[in-house]
Each structure stands twice: as C-alpha cells, then as structure tokens.
Amino acid sequence: MSILINKNTKVLVQGITGRDGSFHTGKMVDYGTNIVAGVSPGKAGQSVHNVPVFNTVADAVAATGADTSVIFIPAPYAADAILEAAEGGIKLVVCISEGVPTLDMVKATAYLKKKGVQLIGANCPGLITPGESMIGILPVDIFKKGNVGLISRSGTLTYLMVSLLSQYDLGQSTCVGIGGDPVAGLYFQELLQLYQDDPQTEAIVLIGEIGGDAEERAAQYIKKHVTKPVVAFIAGQTAPAGKRMGHAGAIISSGSGTAAEKIAAFEAVGVPVARLPIDIPLLIKKALNK
Amino acid sequence: MSILINKNTKVLVQGITGRDGSFHTGKMVDYGTNIVAGVSPGKAGQSVHNVPVFNTVADAVAATGADTSVIFIPAPYAADAILEAAEGGIKLVVCISEGVPTLDMVKATAYLKKKGVQLIGANCPGLITPGESMIGILPVDIFKKGNVGLISRSGTLTYLMVSLLSQYDLGQSTCVGIGGDPVAGLYFQELLQLYQDDPQTEAIVLIGEIGGDAEERAAQYIKKHVTKPVVAFIAGQTAPAGKRMGHAGAIISSGSGTAAEKIAAFEAVGVPVARLPIDIPLLIKKALNK
Amino acid sequence: MKIHEYQARQLFREYGIPVPDDILCYTVEEVEAAAKKMNRMTVVKAQVLVGGRGKAGGVKLARTTEDAVSAAKQILGMDIKGCTVEKVLVADAVDIKKEYYVGLTIDRNTKSVLFMASAEGGVEIEEVAKVNPDAIHKIPIDPDLGMTDFMARKIAFKLFSDIAQVKQAADIFKKLYRIFMDTDASIVEINPLVVTNNDALSAIDGKMNFDDNALYRQAEIEKLNEPTEDEKKEIAAKASGLTYIRLDGNIGCMVNGAGLAMATMDVIKHFGGSPANFLDIGGSSNPQKVIDAMNLLMSDKNVKVIMINIFGGITRCDDVAKGLVTALDQLNVKIPIVIRLSGTNAEEGLKIIKAKNLPTVNSLSEAAQKAISLVN
Amino acid sequence: MKIHEYQARQLFREYGIPVPDDILCYTVEEVEAAAKKMNRMTVVKAQVLVGGRGKAGGVKLARTTEDAVSAAKQILGMDIKGCTVEKVLVADAVDIKKEYYVGLTIDRNTKSVLFMASAEGGVEIEEVAKVNPDAIHKIPIDPDLGMTDFMARKIAFKLFSDIAQVKQAADIFKKLYRIFMDTDASIVEINPLVVTNNDALSAIDGKMNFDDNALYRQAEIEKLNEPTEDEKKEIAAKASGLTYIRLDGNIGCMVNGAGLAMATMDVIKHFGGSPANFLDIGGSSNPQKVIDAMNLLMSDKNVKVIMINIFGGITRCDDVAKGLVTALDQLNVKIPIVIRLSGTNAEEGLKIIKAKNLPTVNSLSEAAQKAISLVN
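Given the structure is predicted, the values throughout are model-derived calculations rather than measurements.

Structural notes on the overall build of chain C
When its secondary structure is counted, chain C shows 13 helices and 19 strands. Evaluated residue by residue, chain C yields a buried proportion of 56% over its 376 residues. By sequence separation, contacts in chain C at least 24 residues apart represent 66% of the contacts at least 6 residues apart. Accessible area of chain C: about 15500 Å², with a carbon and sulfur share of 48%. In chain C, which carries 46 positive and 50 negative side-chain charges, the distance between the mean positions of the two groups comes to 2 Å.

Next comes the structure, spelled out in structure tokens:
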C-alpha cells in the first residue's frame, strides 16, 4: 500500500509539449509511471515519449481514463490548467508550476473543494511511491521502497532528507512535496491522516518551514489523531522577520510562524524535532527501535 | 405531516420593518406562524408585532434558532438578503421580492447549492401548510387542511385554484408558490419528490405556465418517480411568442415552452391537464375516487 | 429589452470582438454616401427589432453604389412583421468561407448562463434546434468561475481545429461572456460568426436582449432602447405599475396577477373569444391604478367589451371594488363591462359593484362567455 | 512588494475611501510650503518601508508651520531600522474620537482572503493579537461571493452601533476588498481607521503589500515600487533567476532550493557561524547563473568565505560542477570556498571539482564547520 498514487494511477501531463513538460514526462515514463496522455492545445494527434497528446483535458480523460494530472504550465496559466483538470474529470492534480499568483490559487482551491478534487502544490516537486509511480520532478534514484512516509514543504531539502533516509536503509512508502506557497492543496493535516490510515507506513517524517501556522496545526492534529511515530524538521530557524525566503509562504509576519514556535509546538506533543538534517534518520531509527 | 414547513418551523422575517415586511408579518403572526425574529439593519432592539428585531441574520439565528427566513426586501438588495440568510445558518429561504435581476439569482442559487440551503422564489407568494404555518403573502382564508399537495408558478391563479379545491372540500397538505422567474429555487421536480414522500399528501396539483421546459421535465419525473395521482393546468395557452407575460420566465423563445407542448408532455405520461380552472377539483375528485 | 443589430455590433466592437465596418443610414441619400465611402461590396440590412427580416427581403447584397441605392429604396419604409423599417445598416460584405452560431442565454435548469455554439451558423438556430439538436453544443458556465480560458478553448475546439482560429474564437467567447455579464443580458448571439477568406473570424450579425429587472443598474444599456409604438404603451403602463401587452382581439382584460391574467385569456379563447390584451394590475387596489388600466384598455379601438377578473388575496375585493367604482365615476366608459370578483371579501365587493348597477358574474367561465356574447 | 503610506493613501482615494488631505515633501522647504498651504494642524510622517516609525520618532504632530518645519528637520534624513528617511508626508491632522483597525490578508488555512477588524486600532495589531486575540474579528471571505453588502455590514456591526457609521464602514470595507483583489495585494491595512469629531470615518494610515508572483499583471502597481538598496540587489538577482536576501553575517551561501538554503543557514548558525545571505540559485546548472551568484556574493564586503551546497536532483551534480568550474575560471575569487555536492551524479561532480584543486567536504555539517573555521 501507499498513499494517493500507485502503479495503477493513470497520469495525464498538462503542458506535455513544453520544454519542462516533455523532459519530465520522459523521466516519469522511464521510472515506470503510468503516463497515459498529455494535453497541449492544438497538438492533438502528436505524441511525446510515445504518450498521445490531446487538445483538452476532457478529450484526454474520455480517451484514456486518466485520473491524475501533473501540470507543467507557465505560472500565469497554471491555475486555469488546474481548473481544466478538475472540470475535465481528474481526481488528483499535481501542480509543479512555480510563481502562481496567490489569488488565482484562492479561486482554484475553492473550485476544487466544490468538485471534490485533490491538489498537490502548486510550486511543488510532486510525489512518489517508490517502485510504483513518480509524478513530478523528483530525482528518483535517491528513493527506496519502504515504510517511512514523508511530507515536505521544500524541494531540495527533501531530497537531502530522503537520501539520508535511504542511506540508513529507511525506505519510503510515499513521499509528498506539498510546496511552499501560501495557498496550496493538500497540507500536513490531510496527509498525516492518509499516512495514519496507510498500513504500509510505519513512521512519518514531516519537513516544515517558517511562515503560517500549518506546523502548529499539524502538531495539534498529531496529538489527537496520529498514533504512528512522527519526527520533524523545521527550515528557517535563522531567517530574519518579514523577508520572503524563496518560498512565498516562508514569510514571518504578525509575530507568528517562527521556527522556534513551530519546534516548541511539536515538542509539546511529543514529536521530536531534528536540529540538523542528519538527525532525521537517527530519530526515525530510534522511533522504530531499529 | 406536510412538506417543508409545519407548526415547529421557526421563521425569521428579513426586511421586517419595511411596509410590506411589517404588514405581512402581522398576517403571518395572526395565522399562527411561528415568527421568532426579524432583521433590519440598525433597528436591533425594536420589535414589530411583538417580534424582536436584529441587525443581522447571524445575530437573529444565534438568539432565536430561526431555521427559515422570508424576504421582503426591495429587488436590488434581495439576492444579497438570500446570501445573508444562507451564510447566517438559515436552511430554507422564501423570497417574496419581485423583480430580482436574473444574474443575481444565478449567483445566489450557486451559493445556496454549495451551502445545502433550500430556496423558494424569488417573485413568489410563499407557501402554506394549512392550520400550521404560512410563510409569505398567501390569503390564508381560502386554504383548508387536507390531502392535496399543490405546486404553482403563479400567484393569484393559485388562489383561484385553491379556492376551487376548498369549495369542493379538497383540503391541502402544503401549497407552494414557486414563483415565475427564469432562475428560481425549488422547482417542480424537487417538490414532486417531497410530496411523493409525504404520507399526508394523496394527490398533487401542478400549475405551470408557458416558458422554459420545467413542465416537460416534471412530466418525465412523474413518469419515473411519482405514483400518486397528479393533475395539471398550464396558463398561457393563448400567449403570443416572444412576449414577456408579466412573469419574466413566461417568455416563449426558441420554439419551445409553449402551452401546447407542455400539455402534450403531461398527457403523454398520463397526467390529465385541465382546460379550465374549474376542471381541476373535478379531476382531483376523479383521481381520488371521491 | 431588445436592441438593434447596429447597436449590438457597436457593443461587440467596444469589447474588442471583430465586426466588419458599417454605417447606419436613415435615408437613401445617406446610403448612397455610405456606399461610396465604403467603396467595396456592401450589404444593406434593415434595422428592425423582429426576426426573419432576411426572408422578408430586408437584407440585400450590393456590389455597387447603385445596387446599394436600389436596395435602400426597397428596404427603407418596408413593413416587416408590423415594423416599419426606418433605418438600414450599410455594412462591409466580407467574403465568407464558413458560418457558425454562438450565443449565450440563461438556462433555467442548471440555473446558470448557457453558452451555445454550432457549426451550423447563418440559419435560424431554432430550426437547427428542431432538425438537428445535437449540432448545438450547450455548455453551462459555472457562475463561480465565469468563462475561463480553458473553457473558452474547449468550446472553440468543438467548432474549429486550426489552433489560430481556436485562439481567435476563444478570445471572442470570453469577450462575449463579459458583455453578457456586464450588461445583464438575457440573450447575446452572433449568427453568423464567420471565417473569412483570409481565415479571420468576424461577427457579421448580432442580437442582444436584456433583463428588464436589471435595467435600473444598466443606464448605458437603457439609453439604447428604441421602443416601438406598442412597446411605448407597455413602458408607460409599467410606470403606472401595470404590465400590459397588446394583442389582436377585442375583449379588453383587466386582471390581478400574471398567471391569472394568462388563464383569463385562455378561458376567453376556450369559449371562442379573442382577448385584446394581457393586463396585470398587480397587487394593489389603488383607484388610480384602476383608472390608468381602464384608460389603457379604452385607448385600444379594437376593444369592444371589458372583462375584469379580480381574485382577492391579500388585496381585498371590497377595496378593489371601491377603486373600480371611483375609476368608473371619473371615466366615460361607453362599452360594456363584465366584472368577476372572488376570494377575500368578495361578497362585500360584489355588494359595492351591484349598488352601482354594474354587471357581475360568478365564475371565470361565465365571465368569458358573457363577454364574448357582448362583443357580437 | 511594499509601497509607502502616501502611495497607499492615494490608492485608497482612487477607490473612494475617505483619507485626509496630504502633501508629499522631500525637503524642509517643501514641508514649510505644504504646512502653509494646508493652514491647519498637520502631522509630519516619515515615509519608510519599515514598521515602527512612530516609536522611532518618525511621526510628529505640528500645530503651526514652525512646528512642521522643526519636525521635518528632525525626521528628514533620520535612520529608521536601517532606512534613511528621504521624504515625509504632511497630512491633515483630523480630530480623533476613536481608532479602529481593519486589514485584509491571505489566510492559508481557509485558503481565502481574510478580513480582520478590531476596535483596538492605532496600536500594533501584532500586539493586540498577542495580548487580546479575541479583540480581532477574523472573517474569511468566500472567493465565490467576494465582499457582499451583507458581509460588509455584518463586519461593520462588530465595530460600530450607529447605523450611519455602519454604512460608512461597510462601504469602506467593500472598497478595501476591491483594492485587494484588483491589485493582487497580499496585505492591505488601515490602522487606524478613525471616527472624527464630526462622526465621519477616515483612513489616517495605510499599508499595502503585493503578491510578487502577480506583478506581471499589475503594471500600475509595479510602477509604485521604490526599492531600498538591498532590495535593488534582490530584484537584480531575481532577474538572473536567483533569490537573494542579504543578512548580517560573513559566510556567503550559494544553495539550490529555498528549503535547503534555509536549512544551510540554520546549520551554519547551529555550529556558531553567521550566514551573510540567503541565496537560492534554483534548479538550473547554467554557468552564467553560477557566475552571477558568485558576483553577488563577492559584492558583499562582509563575506569572508563562500559555502556552496548543491543537492543534485533533476539537476545533475556533474553539470553544476562544470558550471562552477567555468564560473571560477572567469572570476577572480580571493576568499576561500567550501563546496559540498551530493545527490544525482555527485561522484562525477566531485571529481571535476577536485581536478581543479577546489576544497570539497562530505556532509552539510562538515561544510558548515569548515566554513566557520575559515572565517576566523
């Protein structure tokens, strides 16, 4: 088992003929991800890495039964692509695009909620169930099948964490990069719940960062609903107030959202917080008595 | 039993201090309708016919537990009042106001759907469960408790029909005036379903008129889902094409929505259609073998 | 409220929808000058607010200025379904490769704005709807989203395959939706939307109707109103709180409530009579309203008898009866009147009426039959 | 992106929100002229893009022109949290009966625009949030509805009881929401919104931040940008695809990815060092980007050592190493460099680096410790 995606997930690539879309489609196909279709308006009938291209999501879903979509569309048009996916019958949307205007995401997430469609991102590296399916831009070589579930607001920091886990022979059930934007799709709480309910997952790594209070809320949720061991890391302990640290969401304002507050919130509910990345695999080993 | 409202329905009047709101609140209170609150911004603390007035729907609901609202607000502000009711926790909204812009109703009905709130109207006379509760502007004297359910797109035509029914000793379970606007709340189909499920209702009178295809759809619904006898009347058999006959919805366009088509649709599914109003009670008597 | 083609074209232009050049003309001389100025093949089109002007000969192609003048002479002053043609549009006659239909209206069932598109343009869409309904794509627009880029493109792909045309069409669709929403329209149509010989899209005919309930917030649109004589009467009636529509018959009707007014007409027809109008006096028993209504009925020379049908609801019949008596005292009504009162306080009302020696009847059927007998 | 108070006030005015008169001044002479022209009690306010200017003495009440001149002399040129005051606003000092706070921002949890309102205005809202969080009303605005009349009124009733003030406030709230949406703002605040002695509402201070991701469609807003020196550097970096924020330390960092860049800073701090900057070079291994990044790091005179931390993902470490070598060949880097490469093709990358005799380390902790040791 795993969460959200597995080898049966039928994936559609929006923006498949673009530079990034085409490149990463190749990577996903190579990994064995079940890519069934691509969308690029006006390019219907073409194919990219042997994946058939359609003009619209609706056409692609009708022809291939795609249930999940990954978006490689320039930021100004990305939210529209999310809406098209949801309207077209897709059930899980993974938006890789970086720099999507926040108010576009406010509108898009409201529509997805109404339609009962799940979203990962935007501005995220995607997700992977090792050995089954990778959707996004994750470097697949560092992942290893196993029993640790990972949720992260960051990209390369996640890769570092995963490679440390894999080095210590701690494979992963599913790893999800939820993205660093202020308004995003599935977040800690929803994913913690999925991992809690997933029989394969034995422990959970949560990688947060400064800004917002999602980590504080996650801590409260863990206290009430999560019985599996969780360990955490918070990036941005030394970030100055009021500055945007790359991720639009990583801005400390209104005196909340600091790393110190987040760390305190986790430790208060018994979730150990690693001070250095290298501590993560050690804490997991300890939690699993390995 | 009855549908939608009964003696326990807790009613809030929006626009209670206005000329119409105040007048009809008096009528409703006199009938025994359980009017628990009124709303009129800036008039909190006052009372109208001994009904306490609040500034907002939210305040009124919090203080009185009102679950149903009736709106007497000028048309330009009526849709906003519908939204306020839905947002404030009301579960059934009855909008009497006439002349509400159609696009306002498009927006309002979308929101109500999202919130799971039911609407009657706008531009309707309201509804009544005789002997229990009247919400709207219906002339209560003509109604009689009984087993006939009535749904109508019209106002005074309904009164004529009801008085004929009552003259023939055919009392009513609930009578609902759904209003004549192009975009309105509960319509034939939803109400047919409620009457079908209501043990008290033994027969149903459906009063349609020209414009749209709601009657044709109702006929199809009856064929599939309604086992109780239904009799119908269609107003506007002699209306000219393209003209708006008072009700904004009563405009025949695109070659559909004529009375002849509607009558044919009903008769095709075994629903007798009265040619004259006086035929209605006779058809009901026949259907009930009385 | 309806507007003319030339007005719809102007609105389209303001929103950036491509429309061929045109000049509005009221006289043959103006048409001649316009045709000279345009100096290419034109089409001379009658500007009337009724459909079917093409079939009636109100649209003519003109290769030369002489053609245009001759067309204008035929069209100006012509009668189309009761409307006299007072002005024509002299428009650039673009070369047409293919014609399409696009339109927006309100969909009662989905409670949303419905976008309609068809590759069978240039003909009456009502005909297409009857003969080949599947040829019309109908897409309800989610009011929370509006016309998104993807949806405009999705609809465009149903009509076009060339991506350049898809993009042009999607752009037009988005603008058309904005016009609809911005102006509180009830119908917006481009029929036909054409692909020209140089593969560009162009809106060569436009139709727009508006939601009367929203005119209070559409001052610019209301200014475009050019009512016919009958419509002027309807508008004046509206100002007095009356809804009036003139018909062809001879029994003048005065009723409270739209549904009851329609049913009254139906009953008259059922018994072989012919109503002269639809007239809903609404819910008030204000005597002035009754006076205005009587004046309106008597202004129609076809009216041979007046039939009054009032159902007292919240409005009490005795109040209406008082208003009626006051009105009749002030007016010199020379034609027969049939009065039917029922509902709340009908007895008291009938007493007042009878005291004035006015004829009353007991049922709607009886009222209709009596009125019909009085016509002959 | 942030704008000055005077710019926010101007935007408020354009949307019809009542704001006291004001004149922007760059010199003491301009202030004198402005105060004379206004000819009433004024307030002289430093225009800087940092908070806390009141506490720093950057806002002074002036009863006379002389007062205004003396205030201007003190404020112009003053340093507030590292910003030099280059201009002041001379504003009408209205009589204040009571102060309120209203603001709009993005709420991550409800994924909507959050309206905040408090009767405790005029003080730092962050303080109120800490001391008396219940005094701040927080209302998420449904994106499908926007700020409806009823919602604006409902919020207004939380602050005011007089219906005239409720109406004024509701009108302001609706306009404030429109500004937020129209300009792709991330924060809009009026603090304080005041009731004046004649019971009118007035916005006497304004703050606005904007969503950088949306600036591409906000040309008018982008024109208002008056970046500080540090921000200019950040903007230039952005143009090269780099996200750069200058800090106070001495270890220059170059990292790929925002989260990893923050974690790198944290590890440096953990071992007792002090990062000179946040620098995310993003996902590309383009040598030009690495050159730009190196130039940026070296332009900061505080930087004593450069620490490069790359995690190869899709970006391969050997590509990055090649870019790095090319960059270093072209630049004259005189300070020590510590390089850490890991992830995809790290081995190949390290080979390339070592061939150039550049120092590499194996872990992030080691890199940080090495860099710190090289500073001292």
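Things to note about helix α6 (residues 188–197) of chain B
An α-helix turns once per 3.6 residues; consequently, residues spaced three or four apart project the same way. Residues and elements named next belong to chain B. Within α6, burial applies to Phe188, Leu191, Leu192, Tyr195 and Gln196. Along the axis of α6, the buried residues cluster in a sector spanning 140°; they form a single face. Contacts from the buried residues of α6 go to β10 (145–152), β11 (172–177), β12 (203–209) and α7 (214–225).

Here's the deal with the domain arrangement of chain C
Domain assignment breaks chain C into domain 1 (21–92), domain 2 (96–222) and domain 3 (229–375). For domain 1 of chain C versus domain 2 of chain C, the distance between C-alpha centres works out to 26 Å.

Quick notes on the confidence of the model for chain C
Residue and element names in this part refer to chain C. The predicted model of chain C has a mean per-residue pLDDT of 91, with 99% of residues at 70 or higher. No element of chain C has a lower mean pLDDT than helix α4 (residues 125–131), which averages 79, and none a higher one than helix α6 (residues 163–182), which averages 98. The ipTM assigned to the predicted complex is 0.92, against a pTM of 0.92.

Describing the interface of chain D and chain B
Listed by partner, the interface residues are 11 residues for chain D and 12 residues for chain B. At the boundary of chain D with chain B, total buried surface from both sides reaches about 1200 Å², with 62% on carbon and sulfur atoms. Run the count over chain D and chain B and you get 4 salt bridges. Two residues, glutamate 84 of chain B and arginine 153 of chain D, come together in a salt bridge whose shortest N-O distance is 3.3 Å. Counting every contact that joins chain D to chain B gives 7 residue pairs in polar contact (both at pLDDT 80 or more). It is helix α5 (residues 149–159) of chain D that provides the largest number of residues to the side of chain D that touches chain B, a total of 6 residues.

Here we look at the side chain of arginine 340 of chain C
Along the polypeptide, arginine 340 of chain C turns up in strand β18 (residues 337–343). Engagement of the side chain of arginine 340 of chain C in a polar contact is seen with the side chain of serine 342 of chain C, the distance being 3.3 Å. The residues touching arginine 340 of chain C, leaving out its near neighbours within four places in the chain, are Leu160 of chain B together with Ile308, Asn309, Ile310, Val361, Asn362, Ser363, Leu364 and Ala367 of chain C.

Quick notes on the packing of aromatic side chains
Enumeration according to the criterion identifies 8 aromatic pairs over all chains in this entry. Here the aromatic rings of tyrosine 159 of chain A and phenylalanine 311 of chain D are separated by 6.2 Å at their centres, their planes lie at 55°, and the arrangement is tilted. Note that tyrosine 159 of chain A is positioned in helix α5 (residues 156–167) and phenylalanine 311 of chain D in strand β17 (residues 305–312), a pairing that runs across two chains. We note that tyrosine 159 of chain A, like phenylalanine 311 of chain D, is buried. Where phenylalanine 115 of chain D meets phenylalanine 173 of chain D, the ring centres are 4.9 Å apart and the plane angle is 55°; that geometry is what we call tilted. Of this pair, phenylalanine 115 of chain D sits in strand β9 (residues 112–118) while phenylalanine 173 of chain D sits in helix α6 (residues 163–182), and the two are 58 residues apart along the sequence. The ring of tyrosine 100 of chain C is capped by lysine 98 of chain C, whose NZ or CZ atom sits 5.0 Å from the centre of that ring.

A word on the packing of helix α10 (residues 287–298) of chain C against helix α11 (residues 317–330) of chain C
Residues and elements named next belong to chain C. Axis separation between α10 and α11 bottoms out at 8 Å; the angle between their running directions is 50°. Classified by the angle their axes make, α10 and α11 are oblique. As α10 runs across α11, the sense of the crossing is right-handed. Each of Pro287, Val290, Ile291 and Met294 in α10 lies in contact with α11, whose residues at this interface are Gly323, Leu324, Thr326, Ala327, Leu328 and Gln330. Residue classes in the contact of α10 with α11 are distributed as 7 nonpolar, 3 polar and no charged.

A word on the sheet that holds strand β4 (residues 59–62) of chain C
Residue and element names in this part refer to chain C. The 4 strands are arranged β2-β7-β3-β4 in an open sheet whose pairing can be described as antiparallel. Pairing within the sheet leaves two strands with one partner each, and these edge strands are β2 (22–25) and β4. Within this sheet the neighbouring strands show an average axis-to-axis angle of 20°, counted without direction. The pairing of β2 with strand β7 (residues 88–92) spans 4 bridges and is classified as antiparallel. Across the sheet, leucine 24 pairs through a bridge with leucine 89, a residue of β7. Against the sheet, helix α2 (residues 28–38) engages β2, β3 (42–46) and β7, with an angle of about 170° to β2.

Focus on the environment of aspartate 230 of chain C
Along the chain, the position of aspartate 230 of chain C falls in helix α8 (residues 229–239). Counting along the chain gives 16 residues from aspartate 230 of chain C to arginine 246 of chain C, while the straight-line C-alpha distance between them is 6.9 Å.

Some words on helix α13 (residues 364–375) of chain D
Under the 1.5 Å per step criterion, the end-to-end length of α13 of chain D is 17 Å for 12 residues, consistent within 8% with the ideal 16 Å. Within α13 of chain D, the full set of buried residues consists of Leu364, Ser365, Ala367, Ala368, Ala371 and Ile372 of chain D. Considered in projection along α13 of chain D, the buried side chains sweep an arc of 165° and stay on one side of the axis. Buried residues in α13 of chain D make contact with α5 of chain A together with β15 (251–255), α9 (258–270), β17 and β18 (337–343) of chain D.

Focus: the environment of methionine 181 of chain D
Relative to the helices and strands, methionine 181 of chain D resides in helix α6. With relative accessibility at 29%, the residue methionine 181 of chain D sits in the partly exposed group. Ignoring sequence-local partners within four residues, the contact set of methionine 181 of chain D consists of Leu103 of chain A together with Val113 of chain D.

Some words on the pairing of strand β12 (residues 203–209) of chain A
Residue and element names in this part refer to chain A. The element β12 is extensively covered by neighbouring structure, given that 7 of its 7 residues are classed as buried. Of the two faces of β12, the one carrying Ala203, Val205, Ile207 and Glu209 and the one carrying Ile204, Leu206 and Gly208 are both buried. Judged from the 5 bridges that link them, strand β10 (residues 145–152) and β12 form a sheet pairing that is parallel. Bridge pairing in β12 links glycine 149 to isoleucine 204. The parallel pair β12 and strand β13 (residues 230–235) is bridged by helix α7 (residues 214–225), and the resulting crossover is right-handed.

Overview of the pairing of strand β15 (residues 251–255) of chain C
Note on strand geometry: in a regular strand, side chains alternate between the two faces of the sheet. All names here are of chain C. Within β15, 5 of the 5 residues are buried, leaving the element largely enclosed by the surrounding structure. Burial along β15 is two-sided: Ile251, Cys253 and Val255 facing one way and Gly252 and Met254 facing the other are all buried. Relative to strand β17 (residues 305–312), β15 is paired through 5 bridges, and the arrangement is parallel. Considered in β17, the bridge of methionine 254 is made with isoleucine 308.

Considerations on the side chain of asparagine 277 of chain C
Residue and element names in this part refer to chain C. With respect to the element layout, asparagine 277 can be found in strand β16 (residues 277–280). At 2.9 Å, the side chain of asparagine 277 forms a polar contact with the backbone oxygen of cysteine 253. In this structure asparagine 277 touches Tyr244, Ile245, Arg246, Leu247, Ile251, Gly252, Cys253, Met265 and Leu297, once residues within four positions along its chain are discounted.

Brief notes about the pattern of salt bridges
Two side chains carrying opposite charge are able to pair once their charged atoms lie near each other. All told, the structure shown has 61 salt bridges over all chains when counted by the stated rule. The partner of glutamate 267 of chain A in a salt bridge is arginine 275 of chain A, with the nearest N and O atoms 3.3 Å apart. Take glutamate 267 of chain A: its relative accessible area is 40%, and that puts it in the partly exposed class. The residue glutamate 215 of chain B makes a salt bridge to lysine 262 of chain B at a minimum N-O spacing of 2.7 Å. Placement of glutamate 215 of chain B in helix α7 and of lysine 262 of chain B in helix α8 (residues 259–268) is noted, with a sequence separation of 47 residues between them. Exposure remark for glutamate 215 of chain B: the relative accessible area of 0% places this residue in the buried category.

Let's talk about the domain arrangement of chain A
All names here are of chain A. Split into domains, chain A comes out as domain 1 (11–121) and domain 2 (139–287). At the interface, 10 residues of domain 1 touch 10 residues of domain 2. Of the roughly 850 Å² buried between domain 1 and domain 2, counting both surfaces, carbon and sulfur atoms make up 67%. Area buried by domain 1 at its contact with domain 2 is led by Tyr31, Ile120 and Gly121, which between them contribute 45% of it. Along the contact surface separating domain 1 from domain 2 lie 0 salt bridges. For the pair domain 1 and domain 2, the interface holds 2 residue pairs in polar contact (both at pLDDT 80 or more). Contributions of two or more residues to the side of domain 1 that touches domain 2 are made by α4 (102–115) and β7 (118–121). Here the residues of the side of domain 1 that touches domain 2 sort into 6 nonpolar, 4 polar and no charged.

Procedures and definitions
Residues numbered from 1 in each chain as written. Chains lettered and ligands numbered in written order. Predicted model: local features only at pLDDT ≥ 70, side-chain atom pairs only at ≥ 80, totals over all residues. Heavy atoms only, no water. Helix = DSSP H or I, 4+ residues; strand = E, 2+ residues; numbered from the N terminus. Buried < 20%, exposed > 50% of the residue type's maximum accessible area, 1.4 Å probe, protein only. Contact = heavy atoms within 4.5 Å. Areas by Shrake-Rupley, 256 points an atom, 1.4 Å probe, with all protein chains shown as cover. Lys, Arg positive; Asp, Glu negative; His and termini not counted. Charge placed at Lys NZ, Arg CZ, Asp CG, Glu CD. Arc of directions from axis to C-beta. Domains from an automatic or database assignment. pLDDT = per-residue confidence, 0-100. Buried area = accessible area lost by both parts, 1.4 Å probe. Salt bridge = Lys/Arg side-chain N within 4 Å of Asp/Glu carboxyl O. Polar contact = N/O pair within 3.5 Å; in protein donor to acceptor, adjacent residues only side chain to side chain. Phe/Tyr/Trp six-rings, centres within 6.5 Å; stacked < 30°, edge-to-face > 60°. Lys NZ or Arg CZ within 6 Å of the ring centre and 35° of its normal. Axes fitted to C-alpha atoms, helices over the stretch in contact; angles between N-to-C directions. Parallel < 35°, antiparallel > 145°, perpendicular 65-115°, else oblique. Left-handed = near helix turned anticlockwise from the far one by under 90°. Nonpolar A, V, L, I, M, F, W, Y, C, P; charged D, E, K, R; others polar. Pairing = 2+ DSSP bridges. Expected span 1.5 Å × (residues − 1). Right-handed = clockwise from strand over helix to strand, strands pointing away.

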